[in-house]
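# Structure at a glance
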Amino acid sequence: MKKTIIMLGLVLVTFTDVAVASSLSTSSTPKEIVNFNNTPLCNAIVKGDLATVKKFVEYGSDVNEMSNGLSPLMLAARYNKVDILKYLLEKGADKQIKDERGNTALKYAEYSKSQEAVDYLKQA
């Protein structure tokens, strides 16, 4: 009788584990790097969407507006978005703006090892 109860318990545990494992999702969806406290312009920069960045600037977004302590130029430099860097500088972004710690866009590019952004900001 004891063997039967032990065997039934083991079977129940085994089937429960299989049922739980099969109900878990094994697909992993890529997560976008978006901070919902950022401005829409900054979110587009982080995503690397130049067309959307152009639309926001065209419709009046300030290219020097700080969002979570960072300017759009700092975000573009941090994420090595050189095409967006070029566009923002053409539209009047100030590369000398500093955050609360005194870091500029160039410093953010250097900290994140974004070599193309570093090179472009040094020559611009």
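About the cut-offs
Residues numbered from 1 in each chain as written. Predicted model: local features only at pLDDT ≥ 70, side-chain atom pairs only at ≥ 80, totals over all residues. Heavy atoms only, no water. Helix = DSSP H or I, 4+ residues; strand = E, 2+ residues; numbered from the N terminus. Buried < 20%, exposed > 50% of the residue type's maximum accessible area, 1.4 Å probe, protein only. Areas by Shrake-Rupley, 256 points an atom, 1.4 Å probe, with all protein chains shown as cover. UniProt positions renumbered as here; feature names shortened; annotations may be inferred. Contact = heavy atoms within 4.5 Å. Salt bridge = Lys/Arg side-chain N within 4 Å of Asp/Glu carboxyl O. Axes fitted to C-alpha atoms, helices over the stretch in contact; angles between N-to-C directions. Parallel < 35°, antiparallel > 145°, perpendicular 65-115°, else oblique. Left-handed = near helix turned anticlockwise from the far one by under 90°. Nonpolar A, V, L, I, M, F, W, Y, C, P; charged D, E, K, R; others polar. Core = buried A, V, L, I, M, F, W, Y, C linked by side-chain atoms within 4.5 Å. Polar contact = N/O pair within 3.5 Å; in protein donor to acceptor, adjacent residues only side chain to side chain.

As annotated in an unreviewed UniProt entry, the chain is Ankyrin repeat domain-containing protein from Flavobacterium paronense.

### Description of the overall build of the chain
In terms of regular secondary structure, the chain is built from 7 helices and 0 strands. Each helix (α) and strand (β) of the chain, taken in turn from the N terminus, gives the series α-α-α-α-α-α-α. A total of 124 residues make up the chain; the buried ones form 31% of that total. Just so you have it, the chain exposes about 8,500 Å², and 56% of that area is on carbon and sulfur atoms.

### Regarding the UniProt feature "repeat: ANK" (unreviewed entry) in the chain
In this structure's numbering, the residues bearing the UniProt feature "repeat: ANK" (unreviewed entry) are residues 36–68 and 68–100. The span residues 68–100 carries 48% helix and 0% strand; its end-to-end C-alpha distance comes to 10 Å.

### A closer look at the environment of Leu50
Along the chain, Leu50 falls in helix α3 (residues 50–58). With near-sequence residues (within four places) excluded, Leu50 lies in contact with Asp83, Ile84 and Tyr87.

### Quick look at the pattern of salt bridges
Overall, the coordinates contain 1 salt bridge when judged by the stated rule. Residue Glu110 is joined to Lys107 by a salt bridge in which the shortest nitrogen-to-oxygen separation is 3.6 Å. Placement of both Glu110 and Lys107 in helix α6 (residues 105–111) is noted, with a separation of 3 residues, approximately one turn of the helix. For Glu110, a relative accessible area of 32% gives the class partly exposed.

### Regarding the packing of helix α2 (residues 40–47) against α3
Between α2 and α3, the shortest axis-to-axis distance is 8 Å and the interhelical angle comes to 160°. On the basis of the axis angle, α2 is roughly antiparallel to α3. Two packed elements cross with a definite hand, and for α2 against α3 that hand is left-handed. Listed contacts from α3 to Pro40, Leu41, Ala44 and Ile45 of α2 are Thr52, Val53, Phe56 and Val57. Taken together, the residues of the contact of α2 with α3 break down into 7 nonpolar, 1 polar and no charged.

### Thoughts on the nonpolar core
Ranked by internal contacts, the top residues of the largest apolar core, which has 28 residues, are Ile45, Val53, Leu85 and Leu88. Counting only elements with at least two residues in this core, the list comes to α2, α3, α4 (72–78), α5 (82–90), α6 and α7 (115–123). Apart from the residues within four sequence positions on either side, Leu88 is in contact with Ile45, Val53, Val63, Pro72, Leu73, Ala76 and Ala93.

### Quick notes on the side chain of Asn103
Among the secondary structure elements, Asn103 is positioned in the loop between α5 and α6. By relative accessible area, Asn103 is classed as buried at 11%. Reaching out from Asn103, the side chain makes a polar contact with the side chain of Tyr111 at a distance of 3.4 Å. Leave out the neighbours within four places in its chain, and Asn103 touches Met74, Ile97, Lys98, Tyr108 and Tyr111.

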